[in-house]
Amino acid sequence: MLAITGWTAVHRPEGGTPLRATALAAWAQARIDGRPVPPADAPVRTVARFFAGLDGAQRARLADGYPLVVGNLDGAPVSTRYRANLRGLEQAGKVEEERSRDVALTPADRANATRRAHRFASLAEPGRQILAFDPTGGGLVAEVFGDLDRARRVSVIVPGVDTDLLTFERTQRRFTAPVGMAESLYGAQRAVGPDGGTAVIAWAGYVAPTGVGMDAATGHMAVDGAVRLKALATSLPGDSTVALFCHSYGSVVCGVAAHELPYRVTDVVVAGSPGMRAANVAALHTSARIWATRDEGDWIADVPHLEVGGLGHGADPVSREFGARLVSSATAKSHTGYFAPGTDSLDNFAKIGTGAFGSVVCSTGDDTCRRGTSGAEQD
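Residues numbered from 1 in each chain as written. Predicted model: local features only at pLDDT ≥ 70, side-chain atom pairs only at ≥ 80, totals over all residues. Heavy atoms only, no water.

J.: Just checking my understanding: could you explain helix α3 (residues 44-52) for this structure?
T.: Turning to α3, its buried residues number three or more, namely Val47, Phe50 and Phe51. Taken down its axis, α3 places every buried residue within 90° of arc, on the same side. What points out from α3, more than 90 degrees from its buried face, is the exposed set Arg45, Arg49 and Ala52. (Buried < 20%, exposed > 50% of the residue type's maximum accessible area, 1.4 Å probe, protein only. Helix = DSSP H or I, 4+ residues; strand = E, 2+ residues; numbered from the N terminus. Arc of directions from axis to C-beta.)

J.: Before we go on, may I ask you to explain the sheet that holds strand β8 (residues 265-271) in this structure?
T.: To summarise the sheet geometry, strands pair through backbone hydrogen bonds and adopt either a parallel or an antiparallel arrangement. One open sheet accounts for 8 strands, arranged β3-β4-β6-β5-β7-β8-β9-β10; its pairing is mixed. Taken across any chain shown, the strands that pair with only one partner, and hence form the sheet edges, are β3 (129-134) and β10 (325-326). With 5 bridges connecting them, strand β5 (residues 153-158) and strand β6 (residues 198-204) associate as parallel partners. Paired with Val156 across the strands is Ile201, a residue of β6. (Pairing = 2+ DSSP bridges.)

J.: Teacher, can you tell me more about the side chain of Ser248 here?
T.: Structurally, Ser248 can be placed in the loop between β7 (241-247) and α11 (249-257). A relative accessible area of 8% means that Ser248 is categorised as buried. Of note is the side chain of Ser248, whose polar atom sits 2.9 Å from the side chain of His335. Residues contacting Ser248, with those up to four places away along its chain left out, are Gly160, Ala271, Gly272, Ser273, Pro274 and His335. (Polar contact = N/O pair within 3.5 Å; in protein donor to acceptor, adjacent residues only side chain to side chain. Contact = heavy atoms within 4.5 Å.)

J.: Could you clarify how one ought to interpret the state of the cysteines in this entry?
T.: Disulfides are covalent bonds that link the sulfur atoms of two cysteine residues. Tallied over the full model, the rule gives 2 disulfides. With a sulfur-sulfur separation of 2.1 Å, Cys246 is cross-linked through a disulfide to Cys254. Of note, the bridge from Cys246 to Cys254 carries an S-S torsion of about -90° and is left-handed in sense. Using a relative accessible area of 1% as the deciding quantity, one classes Cys246 as buried. For Cys254, a relative accessible area of 0% corresponds to the buried category. (Disulfide = S-S within 2.5 Å.)

J.: It is not clear to me how the pattern of salt bridges should be interpreted in this structure. Could you clarify?
T.: Where charged atoms of side chains with opposite charge meet at close range, the side chains can pair. The tally for this structure, following the rule as stated, stands at 17 salt bridges. The shortest N-O distance in the salt bridge between Arg87 and Asp64 comes to 3.1 Å. Of this pair, Arg87 sits in helix α6 (residues 78-100) while Asp64 sits in helix α4 (residues 56-65); the two residues are 23 residues apart in sequence, bridging distant segments of the chain. One salt bridge in this structure joins Glu183 and Arg174, with 2.9 Å as the shortest N-O distance. A relative accessible area of 38% places Arg174 in the partly exposed class. (Salt bridge = Lys/Arg side-chain N within 4 Å of Asp/Glu carboxyl O.)

Written as structure tokens, this is what we have:
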């Protein structure tokens, strides 16, 4: 099946350092003014309760002393995580700068270290809000646009294949990378609802497949991603509602996670989806509204929407039988154009993310996709 559809595997060399592993070992022995810290994998409520009992100086000491742990602790205050991840980026950047000059490494490894050092420096620029950062391997990272503590609605970008620290943002083809997608969606949401009640997260918080090869054709990487996505949605501050915008393989992650997502996730939007590993909306077992779109020129339409022996991701989310709410992406271009400014898809995403359901444009040309949404839900 992979050969027929032209799917290929792309090799991505491993990079990074064991900084996170070292940090976890130190955290296991850590104490703050005589009090033991919670385990790094403690439940969100346990972590939140622990940090609520600390003052600002104590939180800062933990963020500065154990940045690669505190910056990734679901349940820790977002301001503390931002501080920790700034320190973690600076720490990891110095390591990569040293690696870039290490003549014992291959030229390819030195060049990769240089690219990583530049990426870490970019992420550490003033004003950026890095919610998660782990330099291990290809790396994990998440960035917030807007005020996450005060947002009434939060949108999360869940990207697909070839997503890691180096591809998290791009100068060229900007809106094909998670940062560009999130910035574009945040800008569009601000235009729809200028009151500032929204925030958007660019989330590269799972190990994504490399290329459209065997890993992309199976669901095993989506299973780990689903666990991490659930943790993110559960740990967001306040009582904001959450909309997931799941692109390509990211829609597989969202499909696998659907039945365990907290009730605050009210909407799941899939774009250019190869399938959600479910036969239909009912099989997702979620209370969230499921929206789907696909541009006519998207090559993903040629991928067989089936699942055989673990290969493939099941039914086509834009098929009538699947039962999703179908929204227009008429002016989007190809598989990676859904978040480009000025497209119908981005406009619809912004309206869904802000709760302006009454003006969402359905792909069917009628009001089918809007039925059952209440005007009272609009801000």
